[in-house]
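Descriptive analysis of the structure
Here are the chains, one letter per residue:
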Amino acid sequence: MHIPLGIILCLICLSRQTSLTNGAELEGDPMFHIMDDNGTYCLLADFNLTVHITYALKAENKKATRSFSPTELLLKPEVKCGENQTLLSLYWNQEGASHNWSTVFNITKSTAPSSGNEIYFSLTSISLKYLSEESLFPGTATQDWKEVSTNQVVFKTVVGRHFQCENEQSIGMYLPGSTKKETDASLKMTNTKIEAFMQSEKPEFSKQKTICSADESPDNTVPIAVGVALAICIVVALVVFVIFNRRNRRMYGTV
């Protein structure tokens, strides 16, 4: 039995897939451009932050959520650029707070043997420390210092590239001992660009980048290609069927 060439070509077309991504460029100088002891830039970071904190009320089994935007209130950061770990500590005086709040970005470097020992850097965790006082959390059941943190890697990319996410990233944060069923706080980041473990004489991000899934443009190339290939296959199959059907009729007619 011979398989028509048209059907073989259709199967080949269906087996091919194409994946395209696209990310928008962000303009402006980095908010944080940190130099190491050698006088080169080791960390560049730019982002907007919004914090949503859920807290228990004095009323039984009730909770409330407050939102805070510390981006415009940030004080001078503290940064430690290490060989395998970089810590970016941010402090701000939240309006109405009696003490400064803080958040720490823990960025680590690792090697992936499965990728030919390629070196990566990851935003491994983020922690937030705040004082739950009545002036900011009306009706709060407790007034004390609390610390929430993430429980998963926020992003990972190759050293020599920068991570970019223009759209919003919502990152869940939890209190120690939390059941993880519901977040105790969430950190929302927008217009994010981060590059760590770099050695640059200028505060400029690398040209190569890794973008987040939220910035990826929908790609209809594959569905369209598959639809066209299926249509061609159907047409080819019908043509082949008609040709063989006519040939069989002629053969029976000559018997």
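Residues numbered from 1 in each chain as written. Predicted model: local features only at pLDDT ≥ 70, side-chain atom pairs only at ≥ 80, totals over all residues. Heavy atoms only, no water.

The name that an unreviewed UniProt entry assigns to the chain is Lysosome-associated membrane glycoprotein 1, with the source organism given as Paragonimus westermani. Turning to the chain, the UniProt annotation filed under Subcellular location (unreviewed entry) states: "Cell membrane". (UniProt positions renumbered as here; feature names shortened; annotations may be inferred.)

**Quick notes on the overall build of the chain**
Summing up its helical and strand segments, the chain has 2 helices and 13 strands in all. Within the span of the chain, comprising 255 residues, buried residues form 34% of the whole. Put simply, of all contacts in the chain between residues at least 6 apart along the chain, 57% involve residues at least 24 apart. In the form shown here, the chain has an accessible surface area of approximately 15900 Å², with 52% of it arising from carbon and sulfur atoms. (Helix = DSSP H or I, 4+ residues; strand = E, 2+ residues; numbered from the N terminus. Buried < 20%, exposed > 50% of the residue type's maximum accessible area, 1.4 Å probe, protein only. Contact = heavy atoms within 4.5 Å. Areas by Shrake-Rupley, 256 points an atom, 1.4 Å probe, with all protein chains shown as cover.)

**Here we look at the environment of Glu95**
Positionally, Glu95 belongs in the loop between strand S5 (85–92) and strand S6 (101–112). Judged by relative accessible area, Glu95 falls into the exposed class, the value being 69%. Along the primary structure Glu95 and Phe68 are separated by 27 residues, whereas in three dimensions their C-alpha atoms are 9.3 Å apart. If we ignore the near neighbours within four places in the chain, the residues touching Glu95 are Leu73 and Leu136.

**Re the confidence of the model for the chain**
Looking at the chain as a whole, its pLDDT mean stands at 82, while 82% of the residues score no less than 70. Overall, residues 1–27 carries pLDDT values under 50, and its contacts beyond four positions in sequence, including any with other chains, amount to 38 contacts. (pLDDT = per-residue confidence, 0-100.)

**Concerning the layout of surface pockets**
Put simply, the largest pocket is a space of about 200 Å³. Forming the boundary of the largest pocket are 13 residues, of which Asp36, Gly82, Phe197, Met198 and Gln199 lie nearest the centre. Counting residues per element, the lining of the largest pocket draws most heavily on strand S12 (residues 185–200), which supplies 3 residues. Here the residues of the lining of the largest pocket are counted per class, giving 5 nonpolar, 4 polar and 4 charged. (1 Å grid on protein atoms, 1.4 Å probe; cavity = no way out; pocket = protein on both sides within 12 Å on 5 of 7 lines; lining within 4 Å. Points joined across faces, edges and corners; volume = space filled by probe spheres on them. Nonpolar A, V, L, I, M, F, W, Y, C, P; charged D, E, K, R; others polar.)

**Here we look at the nonpolar core**
The biggest cluster of nonpolar side chains holds 40 residues, and the ones touching the most others in it are Phe47, Ile53, Trp101, Phe105 and Ile126. Discounting chain neighbours no more than four positions away, the residues touching Phe47 are Met31, Phe32, Thr71, Leu88, Leu90, Phe105, Met189, Thr190, Asn191, Thr192 and Ile194. (Core = buried A, V, L, I, M, F, W, Y, C linked by side-chain atoms within 4.5 Å.)

**Let's talk about a nonpolar patch on the surface**
A cluster of nonpolar side chains, namely Val235, Val239, Ile243 and Phe244, defines an oily patch on the protein surface of about 340 Å² accessible area. One can find Phe244 in helix H2 (residues 221–253). (Patch = residues over 30% accessible without salt bridge, like charges linked within 9 Å, V, L, I, M, F, W, Y side chains within 5 Å. Salt bridge = Lys/Arg side-chain N within 4 Å of Asp/Glu carboxyl O.)

**Regarding the pattern of salt bridges**
In the structure shown here, the tally under the stated rule is 2 salt bridges. Between Asp144 and Lys146 there is a salt bridge whose closest N-O contact spans 3.2 Å. Its relative accessible area of 22% is what places Lys146 among the partly exposed residues. Between Glu168 and Lys188 there is a salt bridge whose closest N-O contact spans 3.9 Å. Of this pair, Glu168 sits in the loop between strand S10 (162–165) and strand S11 (169–173) while Lys188 sits in strand S12, placing them 20 residues apart in sequence. A relative accessible area of 48% means that Glu168 is categorised as partly exposed.

**Brief notes about the packing of aromatic side chains**
Evaluated as defined, the whole model comprises 12 aromatic pairs. The ring of Trp145 carries Lys129 above its face, with NZ or CZ at 5.7 Å from the centroid. Taking NZ or CZ as reference, Lys156 lies 4.8 Å from the ring centre of Tyr120, over its face. (Phe/Tyr/Trp six-rings, centres within 6.5 Å; stacked < 30°, edge-to-face > 60°. Lys NZ or Arg CZ within 6 Å of the ring centre and 35° of its normal.)

**Some words on the state of the cysteines**
Under the definition given, this model contains 2 disulfides. A disulfide bridge connects Cys42 with Cys81, and the sulfur atoms are separated by 2.0 Å. Residues Cys42 and Cys81 are joined by a disulfide whose S-S torsion is about 70°; by sign, that bridge is right-handed. Residue Cys42 is found in strand S2 (residues 41–56), and its partner Cys81 is found in strand S4 (residues 78–81); the two are separated by 39 residues along the sequence. What makes Cys42 buried here is its relative accessible area of 4%. When its relative accessible area of 32% is taken as the criterion, Cys81 is described as partly exposed. Between the sulfur atoms of Cys165 and its disulfide partner Cys212 the distance amounts to 2.0 Å. In this structure, the disulfide formed by Cys165 and Cys212 twists by about 75° around the S-S bond and is classed as right-handed. Of this pair, Cys165 sits in strand S10 while Cys212 is found in the loop between strand S13 (209–211) and H2, placing the two residues 47 residues apart along the sequence. Cys212 shares its class with Cys165; the two are buried. With its disulfide-bonded cysteines labelled consecutively along the sequence, the chain is connected as 1-2, 3-4. (Disulfide = S-S within 2.5 Å.)

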